[in-house]
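A structural walkthrough
Each chain is listed here by its residues.
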Amino acid sequence: MRLPTFRAPVVFAWVSALVLALAGCSISSGGEEAGRRPPGTVSPSTPTPDPTDNGIQAILDKSLPRGGSGTVIAARDGEVTHCAGYGMADQAHGTPATCDTVYDLMSMTKSFTAVAIMKLQMAGKLRVSDRISEFVGHVPADKRAITIHHLLTHTSGLPEALGDDYDPVSRQEMIDGAVTSELVAPPGTKFSYSNLGYSLLAAIVESASGMDYEHFLAEHVFAPAGMKDTGYVQPRWDTERIAVEYDERGVSQGRPQDHRWAADGPYWNLRGNGGLLSTARDMYRFHRALADGTLLDRDARTAMFTAHSPTGLPGFDGYAIGYGWVIMPDRGLATHSGGNDWSYGVNVHAVRGDLMVFWISNQAVRDGKWDLQKIARSLTFKLIKQLRGGASLSAGGRREPRRSR
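None of the values given here were measured: they were computed from a predicted structure.

**Section: the overall build of the protein**
On a plain count of helices and strands, the protein comes out with eleven helices and 18 strands. Put simply, the protein has 405 residues, and 60% of those count as buried. Within the protein, residue pairs in contact and separated by at least 24 positions form 71% of the contacts whose partners lie at least 6 positions apart. Carbon and sulfur atoms make up 50% of the accessible area of the protein, which amounts to about 15,200 Å² in all.

This is the structure:
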């Protein structure tokens, strides 16, 4: 059975190293009015030379496993400093990974679900203090106290999942399974990571907005951010752009759509908590739209990146959960990773200032050779440190242009 994977100790272990990179210094301020790349200026039909940075490339050359594959993007102060693929997005057809390769975001999808909830709060359609019963119908007594806030912060007490990512579970079957499940803790008392909770949030987005989940994201999140290569089924995907995933033996597991999906996207064990498809360029656009106020007003952004609930994990004092993000002890960076049996990725967003790193691979593990979760901590630390050092671009490298809002 392929279950949604979240190894909390791994996530917090590599994140803890980033504190050292920022200790004693602040990220240079990009400000809410920092320039942002005009939406839609990059597409497969209008290629732009990719920016490269010698220092970052040297880190990648040394850290990434030989034979691996994926894409890395890094940016600071409103400019992409490095964007490049390595290895193959599709080994059988010799398709190289690039900045336009489409990947499964896995659990990084949760950041988008959280933004959708905050957009609805901004519009007066809900409040995070609302009980879930207002949107999903009757719930038994043990779950009547669960609020949207609890779902966002993984403190609802709901279990991690109902089953496999690709089990054909309908929206109502997911809701019924959630409200009849056995709680792992009373609501609001304990951090316990729940993919199921974020699928409930996707259902709440639909109930509060009157739109289906992906259409709401497309209209209210992706479009304002200029993201044209993100979604489940709405983008008119060129299938060859979507990365094939590979298992620990190097055997192809196909593309996400090769598994059991409904006509409008993944079934509800995955919808809302994972499975969105996107590119490195679009993840940069998402970062900029969060940083410059395009997506959320100041109050909503503050709420999203507030350290609401401690993780309670041994050895990780000060780490906390925001809305769709892990907040670091110094409160300067927010992050979320994503992983399954085949792929792995990390997204880092500066809460203060303007800095981001996103890297992802379509083969997380190779037996006897590599496990990206084991090198994630050191790799991400080195990339952040390089960005903080302000290294110059390589000869011939280009940065994406800035634009005043």
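**Some details on the pattern of salt bridges**
This structure, assessed with the given rule, holds twelve salt bridges. Close ionic contact of Arg249 with Asp247 constitutes a salt bridge, the shortest N to O distance being 3.1 Å. For Asp247, a relative accessible area of 4% translates into the label buried. Here the salt bridges share partners, and the residues they tie into one network are Asp50, Asp100 and Arg281.

**Examining the state of the cysteines**
If you walk through the whole model with that rule in mind, you get one disulfide. Each disulfide pairs two cysteine sulfurs, and for Cys83 the partner residue is Cys99, the sulfurs being separated by 2.0 Å. Placement of Cys83 in strand E2 (residues 79–86) and of Cys99 in the loop between strand E4 (95–96) and strand E5 (103–104) is noted, with a sequence separation of 16 residues between them. Summarising the burial analysis for this pair, Cys83 and Cys99 share the class buried.

**Some remarks on the side chain of Lys119**
Within the secondary structure, Lys119 is located in helix H3 (residues 109–122). A distance of 3.2 Å separates a polar side-chain atom of Lys119 from the backbone oxygen of Leu295. Setting aside residues up to four positions removed in sequence, Lys119 forms contacts with Phe216, His220, Leu295 and Leu296.

**Quick look at the packing of H3 against helix H7 (residues 195–209)**
Closest axis-to-axis distance for the H3/H7 pair is 10 Å, and the angle between their directions is 35 degrees. Between H3 and H7 lies a crossing of left-handed hand. Along its contact with H3, which presents Lys110, Thr113, Ala114, Ala116, Ile117 and Leu120, the element H7 presents Asn195, Tyr198, Leu201, Ala202, Ile204, Val205, Ala208 and Ser209. Taken together, the residues that form the contact of H3 with H7 break down as ten nonpolar, three polar and one charged.

**Overview of the packing of aromatic side chains**
In this structure the tally under the stated criterion is six aromatic pairs. Here a set of aromatic residues connected by ring pairs shows up, and it is made of Phe112, Phe222 and Phe286. Between the NZ or CZ atom of Lys110 and the centre of the ring of Tyr198, over which it lies, the distance is 6.0 Å. Above the plane of the ring of Trp268 lies Arg171, whose end atom (NZ or CZ) is 6.0 Å from the centre.

**What to know about unusual backbone geometry**
Located in the positive-phi region is Met106, a residue other than glycine, with phi close to 55 degrees. Mapped onto the fold, Met106 is located in the loop between E5 and H3. Here Met106 falls in the buried class, since its relative accessible area comes to 5%.

**Some remarks on the pairing of strand E1 (residues 70–76)**
The buried fraction of E1 is high, at seven of seven residues. Of the two faces of E1, the one lined by Gly70, Val72, Ala74 and Arg76 and the one lined by Thr71, Ile73 and Ala75 are each fully buried. For E1 and E2, the ladder comprises seven bridges, and the chain directions are antiparallel. Counterpart to Arg76 in the pairing with E2 is Glu79. The hairpin turn running from E1 into E2, its antiparallel successor, is two residues long, and Asp77 in that turn takes a positive phi close to 50 degrees.

What counts, and at which threshold
- Residues numbered from 1 in each chain as written.
- Predicted model: local features only at pLDDT ≥ 70, side-chain atom pairs only at ≥ 80, totals over all residues.
- Heavy atoms only, no water.
- Helix = DSSP H or I, 4+ residues; strand = E, 2+ residues; numbered from the N terminus.
- Buried < 20%, exposed > 50% of the residue type's maximum accessible area, 1.4 Å probe, protein only.
- Contact = heavy atoms within 4.5 Å.
- Areas by Shrake-Rupley, 256 points an atom, 1.4 Å probe, with all protein chains shown as cover.
- Salt bridge = Lys/Arg side-chain N within 4 Å of Asp/Glu carboxyl O.
- Disulfide = S-S within 2.5 Å.
- Polar contact = N/O pair within 3.5 Å; in protein donor to acceptor, adjacent residues only side chain to side chain.
- Axes fitted to C-alpha atoms, helices over the stretch in contact; angles between N-to-C directions.
- Left-handed = near helix turned anticlockwise from the far one by under 90°.
- Nonpolar A, V, L, I, M, F, W, Y, C, P; charged D, E, K, R; others polar.
- Phe/Tyr/Trp six-rings, centres within 6.5 Å; stacked < 30°, edge-to-face > 60°.
- Lys NZ or Arg CZ within 6 Å of the ring centre and 35° of its normal.
- Pairing = 2+ DSSP bridges.

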